[in-house]
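Residue-level listing of the chains:
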Amino acid sequence: MKWITRKNANVDRIACPWLIKRFVDPEAAFLYVEANEVMALAQSENAIPYDVPDIELGHVDGRCSFESVLVKYQLSDPALQLLGRIVHGADIPADLTIEPEAAGLRALAYGFAYLHGDNDFEKLRLETPLYDALYAWCQKRVAA
């Protein structure tokens, strides 16, 4: 399946593809496009939009998009739930202190953005191991 969002990704628009590839759709393909083109291209490309306003897999009911994916696909693994709180804090500045790891994730995500600009696929490639490691951290943290 194709998934589509706005280009120039930072936290949520990198974390969601990691989550989707690992736990929802291992064959997922991602499109990063201009914000004003997401919905039209979602329809013409038969792609699922995420992290754009007024959609199910966006910021809904106080959730970030990563958390909305968790809800939609009923991903109840406690480590993923914790990771969702970390992503939430990193993505939403007002909630930065929700989990201690959120500030570090925000710094890293924006650092990758500063280094790689709008090369979203390079950021996704480089940050995927970061999310793998953070998920492993969350697994150990919830097991303690």
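Residues numbered from 1 in each chain as written. Predicted model: local features only at pLDDT ≥ 70, side-chain atom pairs only at ≥ 80, totals over all residues. Heavy atoms only, no water.

### Description of the overall build of the protein chain
Across its full length, the protein chain holds 6 helices and 3 strands. From first element to last, N terminus to C terminus, the protein chain shows the α and β order β-α-β-α-β-α-α-α-α. The C-alpha radius of gyration computed for the protein chain amounts to 14 Å, which stays within 12% of the reference 15 Å derived for 144 residues, consistent with globular compactness. For the protein chain, the spread of C-alpha atoms along the principal axes amounts to about 45 × 35 × 30 Å. Restricting to contacts in the protein chain with at least 6 residues of sequence separation, those with at least 24 account for 60%. (Helix = DSSP H or I, 4+ residues; strand = E, 2+ residues; numbered from the N terminus. Rg over C-alpha atoms; globule rule 2.2 N^0.38 Å. Contact = heavy atoms within 4.5 Å.)

### Let's talk about the pattern of salt bridges
With the rule as written, the count across this model stands at 12 salt bridges. The partner of K2 in a salt bridge is E45, with the nearest N and O atoms 2.5 Å apart. Note that K2 is positioned in strand β1 (residues 2-6) and E45 in helix α2 (residues 38-45), a separation of 43 residues in sequence. What makes K2 partly exposed here is its relative accessible area of 31%. For E45, a relative accessible area of 33% gives the class partly exposed. Residues R141 and E99 are paired through a salt bridge, measuring 2.7 Å at the closest nitrogen-oxygen approach. Within this pair, whereas R141 is found in helix α6 (residues 120-143), its partner E99 is found in the loop between α4 (78-91) and α5 (101-116), the two being separated by 42 residues in sequence. For R141, a relative accessible area of 32% translates into the label partly exposed. In this structure E99 comes out as buried when scored by relative accessible area, which is 8%. (Salt bridge = Lys/Arg side-chain N within 4 Å of Asp/Glu carboxyl O. Buried < 20%, exposed > 50% of the residue type's maximum accessible area, 1.4 Å probe, protein only.)

### Topic: the sheet that holds strand β3 (residues 47-49)
Pairing is parallel in the open sheet, where 3 strands are placed in the order β2-β1-β3. Each edge of the open sheet is held by one strand with a lone partner, namely β2 (29-33) and β3. With direction set aside, neighbouring strand axes in the sheet form an average angle of 30°. Both β1 and β2 contribute to a ladder of 5 bridges, which runs parallel. By the bridge assignment for β2, T5 is matched with Y32. Most of the contacts of helix α1 (residues 12-23) go to β2, to which it runs at about 165°, and overall it touches β1 and β2. (Pairing = 2+ DSSP bridges. Axes fitted to C-alpha atoms, helices over the stretch in contact; angles between N-to-C directions.)

### Regarding the environment of I98
Summarising the element assignment, I98 is placed in the loop between α4 and α5. For I98, the residues in contact, after removing those within four places along its chain, are R85, H88 and G89.

### Quick notes on the pairing of β1
Following the chain from β1 across α1 to the adjacent parallel β2, one finds a crossover that is right-handed. Relative to β3, β1 runs parallel, the two sharing 3 bridges. By the bridge assignment, W3 is partnered in β3 with I48. (Right-handed = clockwise from strand over helix to strand, strands pointing away.)

### Focus: unusual backbone geometry
Its identity as a non-glycine residue notwithstanding, D54 has a phi of 65°, on the positive side. Looking at the element boundaries, D54 is found in the loop between β3 and α3 (65-72). Here Q74, not a glycine, exhibits a phi torsion of approximately 50°, which is positive.

### With respect to the layout of surface pockets
Estimates place the volume of the largest pocket at around 170 Å³. Taken together, 14 residues make up the lining of the largest pocket; nearest its centre are R6, R13, D51, H59 and D91. Residue assignment for the lining of the largest pocket shows that the elements contributing at least two residues are α1, α4 and α5. Each residue belonging to the lining of the largest pocket can be placed in one class, and the counts come to 5 nonpolar, 2 polar and 7 charged. (1 Å grid on protein atoms, 1.4 Å probe; cavity = no way out; pocket = protein on both sides within 12 Å on 5 of 7 lines; lining within 4 Å. Points joined across faces, edges and corners; volume = space filled by probe spheres on them. Nonpolar A, V, L, I, M, F, W, Y, C, P; charged D, E, K, R; others polar.)

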